[in-house]
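Overview (structure and organization)
Below are the chains, spelled out letter by letter.
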Amino acid sequence: MTRVLVIGAGHNGLVAAIQLAAAGVDVTVLEGAARPGGATSSSACTLPGFIHDDHAAFVPMTVASPAMRELELEREGLRWVTPATVMAHPFEDGTAVALRRDVGETVASLGATAGGGWQRAMDELLPHATTLVETILAPLPPLLGPPRLAAALRRDGLDWVRRMLGSIEALGLEIFDGDRRATAWLSGSAQHSGLPPSTAGSGAFGLLLQVLGHSHGWPLPVGGMGAVADALLARAEREGARVRCEARVERIIVARGRVQGVRLVDGEELSAGGVVSTLSMQPLMRMLEPGDLPGRLERRLGAWRYGTGAFKLDYALTGPVPWTASEPRAAAVVHVAGSLTELSAAAQAASLGDVPERPALVVGQQSLHDPTRAPDGRHTLYVYAHVPSRYKLDDEEVAERIEAQLERFAPGFGGQVLARAMRSPRATELENPSMVGGDLGGGTMELDQQLVFRPSPQLSRYRTPVKGLYVAGASTHPGGAVHGMSGRGAARALLRDRRWRRTTALR
Ligand SMILES: Cc1cc2nc3c(=O)[nH]c(=O)nc-3n(C[C@H](O)[C@H](O)[C@H](O)COP(=O)(O)OP(=O)(O)OC[C@H]3O[C@@H](n4cnc5c(N)ncnc54)[C@H](O)[C@@H]3O)c2cc1C
């Protein structure tokens, strides 16, 4: 039987392996790190008994994604908790706006004018949330979603497409009738994509996440993100796939336009009839020899752009965070930035190459909702800010700016810290060379790197000009986040090309 090698045991690599093994293919996943999971992992990086999500943490895309749903990972023991207060956005005056699962409670939190705008938007969009997310995630070209959405939304559909192609800031100001406070609350969600709120295309990300907050919640896996990787690994092994850790690939071997196998960093060569790389574009190009790909494609991938890096801090705390406002005290996620002006300034500074004076933060309070994450009465805190991938400041100075932001909205926070762990963009890339510059999306998600341009028209459907070589991962459509769509897409493309049995019946 022909062997297929998958490079990288992040969630996309594991999803690809499950699809291939379930179709009867002999598949081995090669993972450079000591354990599988990639950016879907958790660890006790501060103190024993405190479980921290190392990278990804809030996974509405996971529970909404067809590629993940069909795996029924709950059968492997995966459990979810879905907090009622999805997210809160505090302001300097001690107030906050909350995104609650319940639309009515969210409308109340927004106040009369902005609340009315949100109610109208959700009346139009919420009934079609599943079609919306499946259209955005669908393989290219998306055949079923757009006509279904057009039929459901009628003339409103075109208006929503226009708004989503624009910036989240413009979208918010339009639907909230100029209310900057509500727009800051909405724009904070675009931070999860790494896009500044004034950037074209950020409208789709920010809005989709907020809609999912109502339709699916922003669930947390019980026991930490590592539980998602564990469930994927269990499923992959049950299907017969093998995962080899500490097997870093140095070279994809290509001869006469066809993939032959790979060479590991220790010199071991493994032959294969098919290779699926889940790494982002820069490390993919390093694994190929110049000339393996046509010149135009090489130039395109050589110009692939990474965005800002995530500077991450994890804390073990004596108790819950003493937020001034009440809404964040119950929220799974807190967007710490303050006003729309400050949120935009922080994002712009980071994308122009400066560490923001007042960074905008994504904060996770997982242990408030999942008591398995910390010892009794104690708590974890997950924090990241977007910073340039390279900067002149000491890491400690960056951490101080982040902590000053936390103190601004939760005075006394510092007094609760038992231990802290830090992960700079540089450290992230050292750990996982696919996350270049600590970019959480495998390359900026600006419009010119989306859809067929992710990463290029020739690769956007997971095939490459090299026979037997396929691509998946965050640099390919539909981009970063834990949804497994590209892992599934690459496996299916390979199976179709080989006329191997299609994976219509995953056991
Ligand atoms: C700070 C942060 C926060 C995030 N938050 C969220 C979130 O809340 N929700 C969400 O959905 N997404 C989030 N993301 C994005 C999400 O984690 C990623 O887009 C996704 O996990 C990428 O999965 P992947 O399988 O494509 O790649 P990865 O998970 O990066 O896996 C790639 C794997 O390849 C391995 N590897 C690298 N080089 C080699 C080599 N040469 N040979 C063999 N193996 C190699 C790596 O060790 C790694 O295991 C976040 C990311 C970051 C960094």
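Note that the structure is a prediction, hence the values are computed from the model and not measured.

Focus: the domain arrangement of the protein
Its domain assignment divides the protein into domain 1 (3–40 + 59–77 + 224–304 + 444–498) and domain 2 (106–214). Its C-alpha centre places domain 1 at a distance of 30 Å from the equivalent point of domain 2. Taken residue by residue, the interface counts 19 residues in domain 1 and 18 residues in domain 2. Interface area for domain 1 against domain 2, summed over the two sides, is near 1400 Å², with a carbon-plus-sulfur share of 78%. If you sort the residues of domain 1 by the area they bury against domain 2, Met61, Met445 and Leu447 come out on top, with a joint share of 33%. There are 1 salt bridge connecting domain 1 and domain 2.

Observations regarding the nonpolar core
If you look at the biggest cluster of nonpolar residues, it comprises 53 residues, and the most contacted ones within it are Trp118, Phe176 and Trp185. Looking at this core, the element that brings in the most residues is helix H11 (residues 202–215), giving 6 residues. If near-sequence neighbours (up to four positions away) are discounted, phenylalanine 176 is found in contact with Leu110, Ala114, Trp118, Ala182, Thr183, Trp185 and Leu186. Grouped together as the second largest cluster of nonpolar side chains are 38 residues, Ala17, Ile18, Leu73 and Ala227 included.

Regarding the site of the ligand
Of all residues adjacent to the ligand, which total 31 residues, the nearest are Asn12, Glu31, Ala39, Ala481 and Val482. In this structure, glycine 32 approaches the ligand through a main-chain N or O atom, which is 3.0 Å from a nitrogen atom. Within the contact set of the ligand, an oxygen atom lies 3.5 Å away from a backbone nitrogen or oxygen of alanine 474. Every element with two or more residues in the shell around the ligand is listed here: helix H1 (11–22) and strand E17 (379–387).

Points about the sheet that holds strand E2 (residues 26–30)
Here 5 strands make up an open sheet; going across it, the order is E9-E2-E1-E13-E19 and the pairing parallel. Either end of the sheet is taken by a strand with one partner, and the two such strands are strand E9 (242–244) and strand E19 (469–471). Pairwise comparison of adjacent strand axes, ignoring direction, gives a mean angle of 20° for this sheet. For E2 and E9, the ladder comprises 3 bridges, and the chain directions are parallel. By the bridge assignment for E9, threonine 28 is matched with arginine 242.

Basis of the calculations
- Residues numbered from 1 in each chain as written.
- Predicted model: local features only at pLDDT ≥ 70, side-chain atom pairs only at ≥ 80, totals over all residues.
- Heavy atoms only, no water.
- Domains from an automatic or database assignment.
- Contact = heavy atoms within 4.5 Å.
- Buried area = accessible area lost by both parts, 1.4 Å probe.
- Salt bridge = Lys/Arg side-chain N within 4 Å of Asp/Glu carboxyl O.
- Core = buried A, V, L, I, M, F, W, Y, C linked by side-chain atoms within 4.5 Å.
- Buried < 20%, exposed > 50% of the residue type's maximum accessible area, 1.4 Å probe, protein only.
- Helix = DSSP H or I, 4+ residues; strand = E, 2+ residues; numbered from the N terminus.
- Near = heavy atom within 4 Å.
- Polar contact = N/O pair within 3.5 Å; in protein donor to acceptor, adjacent residues only side chain to side chain.
- Pairing = 2+ DSSP bridges.
- Axes fitted to C-alpha atoms, helices over the stretch in contact; angles between N-to-C directions.

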